[in-house]
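Observations on the three-dimensional arrangement
Here's the letter readout for the chains.
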Amino acid sequence: MESQPKLLKNKLYWVGILYFAEGFPLGVFYDVFPVHLRQQGVDLWQIGFMSLLGLAWTLKFLWAPAVDYLRHHRRWIFLMDVLMGGVMLVFAVLLDFGPWVWLAIGLFTIFSATSDVAIDAYTIEMLDKDELGLANGIRNGMYRVGMLASGFILVLADWLSWSATYLAGALILFACGTVCLLAPPELAYKTRSDRSLLGEFRLIARYPYALALLFVLALMGFGLVDTRLDVSDGRPYLWPALMAAGFLVVAASHYWTGRVRAQGNNNSMRDELNEGPMFGAFFELIQRPYIIPVIVFILIYKLADTSMGFMVKPFWVDSGFSATEIGLVSVNIGLGLSIAGGLVGGWFTDRFGIFKGIWVLGLLQALSNLGYAGVAAVLPPPQEGVPMAMEFKAMMYSASVLESFTGGLGSAAFLAFLMAIVNKKRSASEYALLSSIFAFSRSVAGWAGGFGAEAMGYAPYFTLTFFLAFPAYLFLPWVKRMLEAQRGWNADTASGGSAQQ
């Protein structure tokens, strides 16, 4: 690494490259595929079905342990980018719609999610704790730039052809994968377990306490699927039945765990579970001090932001603003302000610490909700043919500016916190799991937001979302203890120096 040019040794440079590479496939999924399918005359319900394939990004924690076990993060990234590029080449050649499309898009999302796991793990291992704030600000910005890049290749469909769009996408993915191979070598961590996968399953089968924990994990995964598939819709008995089954599993676990303790080998079995190649990271994480209140904190920290986020665009529409105004101010300018907020929030987090960044920037993020609440309270109903007064437009624009900028502030501190509490030995598994927990709360909050805004009206609902920020502050003492407990944690896991992998 010492022989490389100065730029290639800069960690923040590589954070930008890696998260551009992570954001671009997501942009292709949400921008390129739906437009192409619709232009081919594909029904809307079929295009909507495509969103279910995006569950791969939510459920990636299920196969993240494989990345931890095999390591070689840069090779994972390269391979996944090459495979995604291959899918794009298939679309460039086979432009007609058929059953193969769903398989191709499904594989594309799995490859992308796997690349995300490797990128996150590599970044966590590369960064020191006092670099996480600014790094996450850059991460947030370049991730969005990567998504925007998909819009630029979409333009080629009109200028040239859809084949040109997919060919350009494939070339970008091949380039991203190749450049990521040039990143500095991963640090050398001993992550491989001496135990076999079959041996881990046998141990779990003999330890019902572990079965109970896996049941909770499976329930969380099912809940994420249910938010997309509505499996429980029309089945009011489903969730109560699952919860009852969970209660029985936990009760049996309590009984049998007592018998294991009586045999005097409880601690050794727990240690063995922590070393398992697939679920070891989960068992170790759940036994960590203060983890339960910290998980609750992760679930509710951005509740004020996520519960309002999905209602902002409908509020603009219902207030009489045009699609051009929404796109220019709320989307494009909002994107730039969110990136700027991420950079400022990252600097603040690195300068004053993650803990102070979480509560100070989180409070500023929540205050922006009151801006929209105030606008909703005074904005007159739109009248057809009557232009909106400039002072009301200025109020809406100001609320949007404040919300976009402070959203970036809070995200930088929160993502730095998630990275800080991850054990670098198993960064892929732990970060994927923690981010999926957050994704679950975000999905539920967005779903509930529609009911809240419709029942209460925009102004009261936006005011309510401000107060939703404060329950998370009750868990700050445990957050602080977790951050303090993590000091020196990752220093003890490294086997020393860096190694080419």
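Please read all numbers here as calculations on a predicted model, not as lab measurements. (Residues numbered from 1 in each chain as written. Predicted model: local features only at pLDDT ≥ 70, side-chain atom pairs only at ≥ 80, totals over all residues. Heavy atoms only, no water.)

**Re the overall build of the protein**
A count of helices and strands for the protein gives 21 helices and 2 strands. Taking all 501 residues of the protein together, 51% fall into the buried category. Pairs at least 24 apart in sequence give 85% of the contacts found in the protein among residues at least 6 apart. (Helix = DSSP H or I, 4+ residues; strand = E, 2+ residues; numbered from the N terminus. Buried < 20%, exposed > 50% of the residue type's maximum accessible area, 1.4 Å probe, protein only. Contact = heavy atoms within 4.5 Å.)

**Section: the side chain of Thr465**
With respect to the helices, strands and loops of the structure, Thr465 is situated in helix H20 (residues 458-467). Reaching out from Thr465, the side chain makes a polar contact with the backbone oxygen of Phe462 at a distance of 2.6 Å. The residues touching Thr465, leaving out its near neighbours within four places in the chain, are Ala304, Ser307, Met308 and Asn369. (Polar contact = N/O pair within 3.5 Å; in protein donor to acceptor, adjacent residues only side chain to side chain.)

**Description of unusual backbone geometry**
One non-glycine residue, Arg71, lies in positive phi territory at about 55°. With respect to the helices and strands, Arg71 occurs in the loop between helix H4 (64-70) and helix H5 (73-93). A relative accessible area of 5% places Arg71 in the buried class. Backbone geometry places Tyr290, a non-glycine residue, at a positive phi of 70°. Structurally, Tyr290 is set in the loop between helix H13 (280-286) and helix H14 (291-300). What makes Tyr290 partly exposed here is its relative accessible area of 33%.

**Side note on the pattern of salt bridges**
Pairs can form between side chains of opposite charge once their charged atoms are near each other. What the rule picks out here adds up to 7 salt bridges. Among the salt bridges present, the one from Glu131 reaches Lys11, with a minimum N-O distance of 3.2 Å. Of this pair, Glu131 sits in the loop between helix H6 (100-126) and helix H7 (132-159) while Lys11 sits in helix H1 (residues 11-39); the two residues are 120 residues apart in sequence, bridging distant segments of the chain. (Salt bridge = Lys/Arg side-chain N within 4 Å of Asp/Glu carboxyl O.)

**Remarks on the packing of aromatic side chains**
Tallied over the full model, the rule gives 26 aromatic pairs. Between the aromatic rings of Phe33 and Phe108, the centroid separation amounts to 5.4 Å while the plane-to-plane angle is 80°, which identifies the pairing as edge-to-face. With Phe33 in helix H1 and Phe108 in helix H6, this residue pair connects regions lying 75 residues apart in the sequence. Of the two residues, Phe33 and Phe108, both sit in the buried class. Considering the side-chain rings of Phe348 and Phe352, the 4.7 Å spacing of their centres and the 40° angle between planes classify their relative orientation as tilted. Taken together, the positions of Phe348 and Phe352, both in helix H16 (residues 323-352) and 4 residues apart, correspond to about one turn of that helix. Pairwise contacts between aromatic rings join Phe33, Phe91, Trp100, Phe108, Trp162 and Tyr166 into one cluster. Sitting over the ring of Phe352, Arg351 keeps its end group 5.1 Å from the ring centre. (Phe/Tyr/Trp six-rings, centres within 6.5 Å; stacked < 30°, edge-to-face > 60°. Lys NZ or Arg CZ within 6 Å of the ring centre and 35° of its normal.)

**Describing the packing of H1 against helix H8 (residues 162-180)**
Viewed as axis vectors pointing N to C, H1 and H8 meet at an angle of 160°, and their least axial separation amounts to 10 Å. Classified by the angle between their axes, H1 and H8 sit roughly antiparallel to one another. Crossing of H1 against H8: the hand is left-handed. Together, Trp14, Ile17, Leu18, Phe20, Ala21, Phe24, Pro25, Val32, Phe33, Val35, His36 and Gln39 of H1 and Trp162, Thr165, Tyr166, Gly169, Ile172, Leu173, Cys176, Val179 and Cys180 of H8 make up the contact between the two elements. Tallied by class, the residues present in the contact of H1 with H8 amount to 17 nonpolar, 4 polar and no charged. (Axes fitted to C-alpha atoms, helices over the stretch in contact; angles between N-to-C directions. Parallel < 35°, antiparallel > 145°, perpendicular 65-115°, else oblique. Left-handed = near helix turned anticlockwise from the far one by under 90°. Nonpolar A, V, L, I, M, F, W, Y, C, P; charged D, E, K, R; others polar.)

**Regarding the nonpolar core**
By size, the foremost hydrophobic cluster in this structure holds 110 residues, and its most contacted members are Phe33, Met88, Phe283, Ile298, Ile358 and Phe417. In terms of residues, this core owes the most to one element, H6, which gives 14 residues. Aside from chain neighbours lying at most four places away, what touches Phe417 is Val294, Phe297, Ile298, Ile354, Ile358, Val479 and Leu483. Met308, Met311, Val375 and Leu379 belong to the second largest nonpolar core, which has 19 residues in total. (Core = buried A, V, L, I, M, F, W, Y, C linked by side-chain atoms within 4.5 Å.)

**A word on the environment of Ala439**
Positionally, Ala439 belongs in helix H19 (residues 427-456). Residues Ala439 and Trp57 lie 382 residues apart in sequence; the distance between their C-alpha atoms is 9.5 Å.

**Some words on the environment of Leu18**
Residue placement: Leu18 occurs in helix H1. For Leu18, a relative accessible area of 0% translates into the label buried.

**Comments concerning the confidence of the model for the protein**
Low-confidence regions, as indicated by low pLDDT, have predicted coordinates that should not be scrutinised in detail. Looking at the protein, pLDDT values average 80 and 84% of them are 70 or higher. Per-element confidence in the protein ranges from a low mean pLDDT of 43 for strand S2 (residues 494-498) to a high of 94 for H5. For residues 492-501, every residue scores under 50 in pLDDT, and the model assigns this stretch 26 contacts once sequence neighbours within four places are set aside. (pLDDT = per-residue confidence, 0-100.)

**Side note on the environment of Met84**
As for its placement among the helices and strands, Met84 is situated in helix H5. Here the alpha-carbon distance between Met84 and Leu107, two residues 23 residues apart in the chain, equals 8.0 Å. Look past the residues within four positions of Met84 in its chain and what remains in contact with it is Pro25, Phe108, Phe111, Ser112, Ser115 and Leu173.

**Focus on a nonpolar patch on the surface**
A cluster of nonpolar side chains, contributed by Leu89, Leu167 and Leu171, occupies part of the molecular surface with about 260 Å² of accessible area. With respect to the element layout, Leu89 can be found in helix H5. Judged by relative accessible area, which is 32%, Leu89 ranks as partly exposed. (Patch = residues over 30% accessible without salt bridge, like charges linked within 9 Å, V, L, I, M, F, W, Y side chains within 5 Å. Areas by Shrake-Rupley, 256 points an atom, 1.4 Å probe, with all protein chains shown as cover.)

**Topic: the state of the cysteines**
Taken as a whole and assessed by the stated rule, the structure comprises 0 disulfides. No disulfide involves Cys176; its sulfur sits 6.3 Å from the nearest other cysteine sulfur, which is in Cys180. (Disulfide = S-S within 2.5 Å.)

**Some words on the packing of helix H15 (residues 303-318) against helix H17 (residues 354-378)**
Pairs of packed helices are described in terms of their axes, by the angle between the two and the distance that separates them. Put simply, H15 and H17 touch, their axes get as near as 11 Å, and they point 30° apart. Our classification of the angle between H15 and H17 gives roughly parallel. For the pair H15 and H17, the crossing hand works out as left-handed. In this structure, H15 contributes Ala304, Asp305, Met308, Val312, Phe315 and Trp316 to the contact, and H17 contributes Gln365, Asn369, Tyr372, Val375 and Ala376. Classifying every residue of the contact of H15 with H17 gives 8 nonpolar, 2 polar and 1 charged.

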